[in-house]
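# Structure at a glance
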Amino acid sequence: MNLAFFLKPKSQVAYLTEGSSFRQGLEKLRIHGYAALPVISKDGRYLGSINEGDFLWNIMSMGSLDAHDLEQARIDDIISARYAPVPITTDMEDLVNHALEQNFVPVVDDRDMFMGIITRRTMLAYFVEKNPETE
């Protein structure tokens, strides 16, 4: 099966760009209601992800919730590799294995450019629809 069927393209994905401030990241999480966001470089490469816990622990270590401090702090130091990307050519088994460990799977092309994400919800909905339980 072609992964593009499941892909939510970059143009429809909430993400952060390297160099964003903590305030911008927290605001984007709040507005979209997500627990984690992908982070991409200025030239479009996938760098990793940031989740609520990353912000929480780093804000605690900063010791400040001051708006000015949150605007000065940059996300670049807290980007995590926990949401490993898959190439668009990956097989379904590999995709499912990634989805078992993370809420979304970032998808990259052969140049490591961020193409979008595949959510666990989208995959589950597909499998439920494809294999409805019969009684």
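One can find the structure itself at the top, above this paragraph.
One structure accompanies this document, and this report is about it.

The rules behind each value
- Residues numbered from 1 in each chain as written.
- Predicted model: local features only at pLDDT ≥ 70, side-chain atom pairs only at ≥ 80, totals over all residues.
- Heavy atoms only, no water.
- Phe/Tyr/Trp six-rings, centres within 6.5 Å; stacked < 30°, edge-to-face > 60°.
- Helix = DSSP H or I, 4+ residues; strand = E, 2+ residues; numbered from the N terminus.
- Buried < 20%, exposed > 50% of the residue type's maximum accessible area, 1.4 Å probe, protein only.
- Patch = residues over 30% accessible without salt bridge, like charges linked within 9 Å, V, L, I, M, F, W, Y side chains within 5 Å.
- Areas by Shrake-Rupley, 256 points an atom, 1.4 Å probe, with all protein chains shown as cover.
- Salt bridge = Lys/Arg side-chain N within 4 Å of Asp/Glu carboxyl O.
- Contact = heavy atoms within 4.5 Å.

## Here's the deal with the packing of aromatic side chains
The way to describe two aromatic rings as a pair is by their centre distance and the angle between their planes. Counted by the stated rule, this structure contains five aromatic pairs. Between F22 and F55, the aromatic rings sit 5.4 Å apart at their centres with planes inclined by 90°, giving edge-to-face as the arrangement. You can see F22 sitting in helix 1 (residues 22-32) and its partner F55 sitting in helix 2 (residues 52-62), a full 33 residues away along the chain. In this structure F22 comes out as buried when scored by relative accessible area, which is 3%. Here the aromatic rings of Y46 and F114 are separated by 6.1 Å at their centres, their planes lie at 20°, and the arrangement is stacked.

## Some remarks on a nonpolar patch on the surface
On the surface, L56, W57 and M60 cluster together into a nonpolar patch covering about 380 Å² of accessible area. Topologically, W57 is positioned in helix 2.

## Quick look at the environment of I75
Within the fold, I75 resides in the loop between helix 3 (67-72) and strand 5 (86-87). Each residue touching I75, except ones within four places of it in the same chain, is listed here: L16, T17, G19, S20, S21, F22, V39, I50 and F55.

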